[in-house]
Amino acid sequence: VVRRRLLQRYEHQPFLSCLAGFYSCRWRRYQRERTEPGKCCCNMVNELKIGTDVDFSFCLSVVFLYTWGEGKNDYNSFDWYNYGNLGFWFLWSLVILIVAAVLFAYTSLLLVLAMCLLAEGQQLYLHWSHKIGTFLVLGFTVSSLFALSILWRDHRKTVRLSFQITAPYLHIGAIVIMVLLSWPVALHALRADKKVIQVVIIGPYLAILLFLFLIPLGMYSPCIREKGTLGPKPALIGHRGAPMLAPENTEMSFLKTIEHGGDGLETDVTISYDGVPFLMHDDTLRRTTNIHEVYPNETGKAASLFSWDSLQKLNAGTWFLKNKPFLGMGSLSKADQKQAMNQSIYTLSGFLRLADSHNKLVIFDLYRPPEKHPYRNLWIRKILDVILKESKIKRHLVLWLHNSVRSFVQSVAPGFQHTMGRKAPLEDLLKHNIVKLNLVYTDMSSEDIRKYAEANITTNLYVVNEPWLYSLAWCSGAHSVTTNAVHLLKDISQPLFLMTPQQYNIMWILTDLISAFLISLIFAL
């Protein structure tokens, strides 16, 4: 019997030859005798095993592609993390996205080929190269998802938030897939010799289908709401300016934010060795200046240990043109390129004067100088001097975030809008005269935002770059967001995926009814 199977006669036919060629690398042959679906019991175990491996690889590739794709909001943070560990800048996030898309396309092709071969009554002979490929897909996706869950735990929160926006549409997509699968399921189940096999094939399919029909009962999205209940559009605060259009924390970057209608400016403040507060996010100057050219032996030195005269000799713009730190940045005009190449490190005083002249809010993180720094214990006073005496910015424009000396700041500089960087009980917030919360977007909660708003405490979320995430923040009631993409979000006139409960119910019921009718029709035929 084995010999007879091994010596089966094959003949050429273009369509089946193509299917068998891609799936089994049998380009000129296909199985002569057609095996009726559901009656290939002798190889049932082998086919189920092959099918399960391919199906599992496909499912994992879908999960990984969705997980990584929805993390686009934080690609720059991921690349920055890798820069800190590897010492050079590269868009690793883009590479992973391309790999995820390729794996999804590969497993999708294998799955479609397998379904077509089964429909033609052909037995599945997965070529050894595809077996290796399937194993590699499994290994890569499992290890990548595990690494993400360990190294980037907040990413799981991002994915959970994304379901509040995408769940209604993922539901429709899943129903469409189940309708497409009903054809091969019906073909094999109804032609099976034994009732047990029919139950094994149809039972899980119907269970999954019923689950998908009812899952909207447990869905929640703040963007499914009654008309007239949507709050105002969140204000836009430029994160280090407009870092997708200009070098971060430079005068050009903040001017771009103002040009595109930003409502506020966010930055990071440290202090030079001789007491000049300036704008710098990183501990060192390696990433955002040309220090490797000017001071090649001091690239690892803390930024705050340089004098202001030394800092003025550095260029803070050429790195931006060379590295292109954001995915999908686009090309700059010649005028913008020339302007970017001439950017230098910006002082806090210049930043505050610029914001005051355009009546823009300011919020900043303050970095205390290291030990043995002359201003280690005087840095807050020095920064307050710049705010109150040098720049003389209107006090209501300052969102004071630093918490350690808040009482002192409230006594010497009344009028600041005091902002807390974490959630806290309302009693504590009101006790310290907090008027705004500055929260990472993964802490977004429409219930909490509403609770704080009732006590006249507004909420700012950071860093929000993607339109879907901005839409979710809008629907959740956020007052403002800190973003790298002011130029993109300013054009959103209403939240994406916004609909009324009635519209969603109609979409849900029609989807279920149409899919149930089509599946019943397919099984009847």
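Residues numbered from 1 in each chain as written. Predicted model: local features only at pLDDT ≥ 70, side-chain atom pairs only at ≥ 80, totals over all residues. Heavy atoms only, no water.

Engineer: Please clarify how the overall build of the protein should be interpreted in this entry.
Structural biologist: Secondary structure assignment for the protein yields 21 helices and eleven strands. For the C-alpha atoms alone, the extent of the protein along its principal axes is close to 95 × 55 × 40 Å. The contacts of the protein with a sequence gap of at least 6 include a subset with a gap of at least 24, amounting to 66%. (Helix = DSSP H or I, 4+ residues; strand = E, 2+ residues; numbered from the N terminus. Contact = heavy atoms within 4.5 Å.)

Engineer: Mind showing me how you'd approach the domain arrangement of the protein here?
Structural biologist: You'll often see interface size given as the accessible area lost when the parts meet. Parsing the protein into structural domains produces domain 1 (1-150) and domain 2 (236-457). Taken together, the ten residues of domain 1 in the interface contact ten residues of domain 2. Taken together, both faces of the contact between domain 1 and domain 2 bury some 1,000 Å²; the carbon and sulfur share is 62%. If you look at where domain 1 meets domain 2, you find zero salt bridges. (Domains from an automatic or database assignment. Buried area = accessible area lost by both parts, 1.4 Å probe. Salt bridge = Lys/Arg side-chain N within 4 Å of Asp/Glu carboxyl O.)

Engineer: How should the UniProt feature "transmembrane region" (unreviewed entry) in the protein be read in this particular structure?
Structural biologist: As annotated in UniProt, the feature "transmembrane region" (unreviewed entry) corresponds to residues 89-120, 132-152, 172-190, 197-220 and 506-524 in the numbering used here. Helix and strand shares over residues 172-190 are 100% and 0% respectively, and the end C-alpha atoms of the span are 27 Å apart. Helix makes up 75% of residues 197-220 and strand 0%. Its end C-alpha atoms lie 38 Å apart. (UniProt positions renumbered as here; feature names shortened; annotations may be inferred.)

Engineer: When you look at the pairing of strand β4 (residues 264-271) in this model, what are you seeing that I'm missing?
Structural biologist: For a regular strand, side-chain orientation follows a simple rule: the groups alternate between the two sheet faces. Of all eight residues in β4, eight are buried, a share of seventy percent or more. Burial along β4 is two-sided: the face carrying Gly264, Glu266, Asp268 and Thr270 and the face carrying Leu265, Thr267, Val269 and Ile271 are both buried. Of the strand pairs in this sheet, strand β3 (residues 235-239) and β4 are connected by three bridges, and their pairing is parallel. Considered in β4, the bridge of His239 is made with Glu266. In this sheet, strand β5 (residues 277-279) lies alongside β4 in antiparallel orientation, the contact comprising three bridges. (Buried < 20%, exposed > 50% of the residue type's maximum accessible area, 1.4 Å probe, protein only. Pairing = 2+ DSSP bridges.)

Engineer: What exactly am I supposed to notice about the state of the cysteines here?
Structural biologist: A covalent bond bridging the sulfur atoms of two cysteines is what the word disulfide describes. Under the defined criterion, the tally for this structure stands at one disulfide. The disulfide partner of Cys223 is Cys475, and the gap between their sulfur atoms is 2.2 Å. Between Cys223 and Cys475 the disulfide shows an S-S torsion of about 105 degrees. By sign, it is right-handed. Placement of the pair is Cys223 in the loop between α8 (195-214) and β3 and Cys475 in helix α19 (residues 467-476), with a sequence separation of 252 residues. Cys223 sits in the buried class, given a relative accessible area of 1%. A relative accessible area of 4% places Cys475 in the buried class. Left without a disulfide partner, Cys59 is nearest to the cysteine sulfur of Cys116, which lies 18 Å away. (Disulfide = S-S within 2.5 Å.)

Engineer: It is not clear to me how the pattern of salt bridges should be interpreted in this structure. Could you clarify?
Structural biologist: Counting across every chain of the model gives twelve salt bridges. Of the charged contacts in the structure, one is a salt bridge between Lys389 and Asp385, with a shortest N-O distance of 3.8 Å. Here Lys389 and its partner Asp385 are both found in helix α15 (residues 379-391), four residues apart, which amounts to about one turn of the helix. Overall, Lys389 belongs to the exposed group, its relative accessible area being 57%. Across the pair Lys423 and Asp448 runs a salt bridge whose closest N-O atoms are separated by 2.7 Å. Highlighted residues: Lys423 in the loop between β8 (417-420) and α17 (426-431) and Asp448 in helix α18 (residues 446-454), separated in sequence by 25 residues. The network of salt bridges with common partners includes Arg240, Glu248, Asp268, Asp282 and Arg287.

Engineer: Explain the nonpolar core to me, please; I cannot follow it from the model alone.
Structural biologist: Of all hydrophobic cores here, the largest spans 30 residues; its most connected members are Leu429, Leu437, Met444, Leu461, Val464, Tyr470 and Val481. If one sorts the elements of this core by residue count, α19 sits on top with seven residues. What Val464 contacts, discounting residues up to four positions off in sequence, is Asn73, Tyr441, Leu469, Tyr470, Val481, Thr482, Thr483, Asn484 and Leu489. Formed by 28 residues, the second largest nonpolar core is a distinct cluster that contains Leu265, Phe364, Val398 and Trp400. (Core = buried A, V, L, I, M, F, W, Y, C linked by side-chain atoms within 4.5 Å.)

Engineer: In this structure, what is going on with the packing of aromatic side chains? I would like to understand it.
Structural biologist: Any aromatic ring pair is given by two values, namely how distant the centres are and how the planes are angled relative to each other. Tallying each qualifying case throughout the model produces 20 aromatic pairs. Considering the side-chain rings of Trp68 and Trp152, the 5.8 Å spacing of their centres and the 70 degrees angle between planes classify their relative orientation as edge-to-face. Taken together, the positions of Trp68 in helix α3 (residues 44-70) and Trp152 in the loop between α6 (128-151) and α7 (154-190) put the pair 84 residues apart, joining distant regions of the chain. Ring centres of Phe90 and Trp92 lie 4.8 Å apart, and the angle between their planes is 65 degrees; this geometry places the pair in the edge-to-face category. The class of Phe90 is partly exposed, set by a relative accessible area of 38%. Feature note: the residues Trp68, Tyr75, Phe78 and Trp152 constitute an aromatic cluster, connected by ring pairs. Here Lys301 stacks its cationic end above the ring of Phe306, 4.6 Å away from the centre of that ring. Geometry around Tyr452 places Lys451 over its ring, the cationic atom sitting 5.1 Å from the centre. (Phe/Tyr/Trp six-rings, centres within 6.5 Å; stacked < 30°, edge-to-face > 60°. Lys NZ or Arg CZ within 6 Å of the ring centre and 35° of its normal.)

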